[in-house]
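A structural walkthrough
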Amino acid sequence: MDLTSPKEIRSVQSKFGFTFKKGLGQNFLTSRETLDEIVRATGQGGGILEIGPGFGTLTQPLAESAEKVVSIELDERLLPVLDYTLAGYDNVKIIHGDVLKTDLHSLIKTEFPDMSVSVAANLPYYITTPVITRLLEEKLPVESIVVMVQKEVAERLSAREGTKDYGAITVLCRYCTEPEIVTVVPASMFVPPPKVDSAVLKMKVLPEPSVRVKDEKLFFKVVKASFAQRRKTLLNCLCTAFPIPKPDMARLISDAAGNPSRRGETLSLGEFAKLSDLIYERMNV
Ligand code: SAM
């Protein structure tokens, strides 16, 4: 069954009386080439945790290259469809649930004992940021995260400092992974087509964070505060978030990053790390 064929998609739709729900981000991929690129990017063998299998379009080739695939799908109407489309695959397990409410640590432990694991997904766009933030902040024991997201989001996640796309989520992403845009996918490659183009982003999880910090929670707080009001200087942003007098904060910033009137988007990861360590020391005297 070729689920990338619009004719096959229509046939499955009519067999199950299925209509797409826009609110669940149901834009199904129809590009075989893109599926192959996602599978290649996740690597051969091991376990795959898939988010949002839809009709099973990506699940099928993943199951052909991986040892085991576990897919979490929120839409109950898709369960009988997936039973049908994945009937010939005995290494796939479908879990009905919301990825944002699933305990992924315990799922990985139970479903993939002694297996290297990667995450793969054509993500529903309405929850892209919370899903990626969760995957990164929870430090899941995974080797890579390969996701289809809006092109702009992929650019933001993989941006370089000093560019307009660089934000708190970029720093989080570069703190624990090495992000790389694998390919850009036009909106016309989906059924129904979304309003924007997409991109496949591979985030290779680093064995150790790219910078060392004394307190990781504080580091994330400093980063989020630095980007909270883009038109304000770093000094004003940080004074709003931390109970440190302005002259003292100015000194900490200048020790870590030079000029206190710099803006958050110009700081490198190393400068954020140094600044958060100085704030940590100042708050713990
Ligand atoms: N994997 C399929 C493909 O590539 O064609 C479908 C991708 S579609 C963009 C997103 C899928 O995620 C849909 O099947 C949708 O029902 C499912 N979904 C939406 N919200 C979800 C959630 N919170 N948890 C798990 N799955 C969700």
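Values in this document were obtained by computation on a predicted structure and should not be read as measured data.

What follows is about the site of the ligand. By nearness alone, 24 residues border the ligand, and Leu29, Gly52, Glu73, Asp98 and Tyr126 come closest of all. Glutamine 26 is positioned with one of its side-chain polar atoms (N or O) 2.9 Å from an oxygen atom of the ligand. For the ligand, a nitrogen atom lies 2.8 Å from a polar atom in the side chain of aspartate 98. Relative to its free-state accessible area of 600 Å², the ligand is covered by the protein chains to the extent of 99%. Contributing elements (two or more residues each) for the shell around the ligand: strand E1 (28–29) and strand E3 (68–73). Classifying every residue of the shell around the ligand gives 12 nonpolar, 8 polar and 4 charged.

Moving on, we get to unusual backbone geometry. Cis rather than trans, the peptide bond between valine 191 and proline 192 has omega equal to -15°. Tracing the backbone through its elements, the reader meets proline 192 in the loop between strand E8 (190–191) and strand E9 (198–205). In this model, aspartate 114 sits at a positive phi of 55°, which is unusual for a non-glycine residue. In this fold, aspartate 114 is placed in the loop between helix H5 (104–111) and strand E5 (117–122). A relative accessible area of 85% means that aspartate 114 is categorised as exposed. At lysine 139, a position not held by glycine, the phi torsion is positive, near 50°.

If you look at soluble globular proteins, the nonpolar side chains tend to sit buried side by side. In terms of nonpolar packing, the biggest core is built from 63 residues, with Leu238, Leu275 and Ile279 touching the most fellow members. No other element matches helix H9 (residues 216–228), which puts 7 residues into this core. The two domains that each donate at least three residues to this core are domain 1 (6–205) and domain 2 (216–283). The contact partners of leucine 275, leaving out residues within four places of it in the chain, are Val222, Leu234, Leu238, Leu252, Ile253, Ala256 and Leu267. Val12, Ile48, Met148 and Phe190 belong to the second-largest nonpolar core, a separate cluster that totals 29 residues.

Let's shift gears to the side chain of serine 226. By the secondary structure assignment, serine 226 is in helix H9. Other than its neighbours up to four places away in sequence, serine 226 contacts Leu234, Cys237, Leu238, Gly264 and Phe272.

For the rest of this paragraph, the subject is the environment of valine 142. If you trace the backbone, valine 142 turns up in the loop between helix H6 (128–137) and strand E6 (144–150). Judged by its relative accessible area of 8%, valine 142 is buried. Sequence separation of valine 142 and threonine 128 is 14 residues, and the distance between their C-alpha atoms is 18 Å. Excluding anything up to four places from it in sequence, valine 142 contacts Ile108, Val117, Ser118, Val119 and Val205.

Tallying each qualifying case throughout the model produces 11 aromatic pairs. Between tyrosine 175 and phenylalanine 219 the ring centres are 5.0 Å apart and the planes differ by 40°, which places this aromatic pair in the tilted class. On the criterion of sequence distance, the pair formed by tyrosine 175 in helix H8 (residues 168–176) and phenylalanine 219 in helix H9 is long-range, its members being 44 residues apart. Every member of this aromatic cluster is reached through a ring pair, and the members are Phe18, Phe20, Phe28 and Phe55. One cation-aromatic arrangement involves lysine 68 over phenylalanine 112; the distance from NZ or CZ to the ring centre is 5.9 Å.

Next up on the list: the domain arrangement of the protein. Split into domains, the protein comes out as domain 1 (6–205) and domain 2 (216–283). Centre-to-centre separation of domain 1 and domain 2, based on C-alpha positions: 34 Å. Of the residues lining the interface, 13 residues belong to domain 1; the matching set on domain 2 comes to 14 residues. For domain 1, the biggest contributors to the area lost against domain 2 are Tyr166, Val171 and Tyr175; these three give 44% of the whole. At the surface where domain 1 touches domain 2, the tally comes to 2 salt bridges.

Let's shift gears to the sheet that holds strand E7 (residues 177–185). Pairing within the open sheet is mixed, and its 7 strands lie in the order E4-E3-E2-E5-E6-E9-E7. The two strands at the open ends of the sheet, each matched to only one other strand, are strand E4 (92–96) and E7. Direction aside, the axes of adjacent strands within the sheet are offset by 20° on average. Where strand E2 (residues 47–51) meets E5, 5 bridges bridge the pair, whose relative direction is parallel.

Parameters at a glance
Residues numbered from 1 in each chain as written. Predicted model: local features only at pLDDT ≥ 70, side-chain atom pairs only at ≥ 80, totals over all residues. Heavy atoms only, no water. Near = heavy atom within 4 Å. Polar contact = N/O pair within 3.5 Å; in protein donor to acceptor, adjacent residues only side chain to side chain. Areas by Shrake-Rupley, 256 points an atom, 1.4 Å probe, with all protein chains shown as cover. Helix = DSSP H or I, 4+ residues; strand = E, 2+ residues; numbered from the N terminus. Nonpolar A, V, L, I, M, F, W, Y, C, P; charged D, E, K, R; others polar. Buried < 20%, exposed > 50% of the residue type's maximum accessible area, 1.4 Å probe, protein only. Core = buried A, V, L, I, M, F, W, Y, C linked by side-chain atoms within 4.5 Å. Domains from an automatic or database assignment. Contact = heavy atoms within 4.5 Å. Phe/Tyr/Trp six-rings, centres within 6.5 Å; stacked < 30°, edge-to-face > 60°. Lys NZ or Arg CZ within 6 Å of the ring centre and 35° of its normal. Buried area = accessible area lost by both parts, 1.4 Å probe. Salt bridge = Lys/Arg side-chain N within 4 Å of Asp/Glu carboxyl O. Pairing = 2+ DSSP bridges. Axes fitted to C-alpha atoms, helices over the stretch in contact; angles between N-to-C directions.

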